[in-house]
Amino acid sequence: MEVATYNDHRMAMAFAPLALKVPFVVKDAGVVSKSFPTFWEDMQKLGFEVKANN
């Protein structure tokens, strides 16, 4: 499953908690740096598995 952010940081952050129930990919996940540069690192601290897709 993939979630498109449409270059909107709010989309990436809003869908992130869904990963607790369903594995999925946030497309253009780096867009969160607009408002919360450490978002993905902080999610990892909370127990989320965060992987970079290159």
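Peer 1: I would appreciate a short explanation of the packing of aromatic side chains in the present structure.
Peer 2: For any two aromatic rings, the description comes down to two numbers: the centre-to-centre distance and the angle of the planes. Tallied over the entire structure, the rule returns 2 aromatic pairs. For the ring pair Phe36 and Phe39, a centre distance of 5.4 Å and an interplane angle of 75° mean the geometry is edge-to-face. For the pair Phe39 and Trp40, a centre-to-centre distance of 4.7 Å together with 80° between the ring planes defines the contact as edge-to-face. In this pair, the class of Phe39 matches that of Trp40, namely buried. Aromatic rings pair up to connect Phe36, Phe39 and Trp40 into one cluster.

Peer 1: Whenever I open this one, unusual backbone geometry confuses me. Can you help?
Peer 2: What is expected of a backbone is that most residues other than glycine have negative phi and most peptide bonds are trans. Positive phi, normally seen in glycine, also occurs at Asn7, with a value near 60°. Secondary-structure assignment places Asn7 in the loop between β1 (2–4) and α1 (9–15). The phi dihedral of Asp28 is positive, around 55°, even though this residue is not glycine. Tracing the backbone shows Asp28 in the loop between β2 (25–27) and α2 (39–45).

Peer 1: Would you mind going over the nonpolar core with me for this structure?
Peer 2: Side chains of a nonpolar character, in soluble globular proteins, are inclined to be buried together. Among the nonpolar cores identified, the biggest contains 11 residues, and these are Val3, Ala12, Ala16, Phe24, Val26, Val31, Val32, Phe39, Trp40, Met43 and Phe48. Here this core takes 3 residues from α2, the largest share from any one element. Beyond its immediate sequence surroundings of up to four residues, Phe24 is in contact with Met1, Val3, Phe15, Ala16, Leu18 and Ala19.

Scoring rules and cut-offs
- Residues numbered from 1 in each chain as written.
- Predicted model: local features only at pLDDT ≥ 70, side-chain atom pairs only at ≥ 80, totals over all residues.
- Heavy atoms only, no water.
- Phe/Tyr/Trp six-rings, centres within 6.5 Å; stacked < 30°, edge-to-face > 60°.
- Buried < 20%, exposed > 50% of the residue type's maximum accessible area, 1.4 Å probe, protein only.
- Helix = DSSP H or I, 4+ residues; strand = E, 2+ residues; numbered from the N terminus.
- Core = buried A, V, L, I, M, F, W, Y, C linked by side-chain atoms within 4.5 Å.
- Contact = heavy atoms within 4.5 Å.

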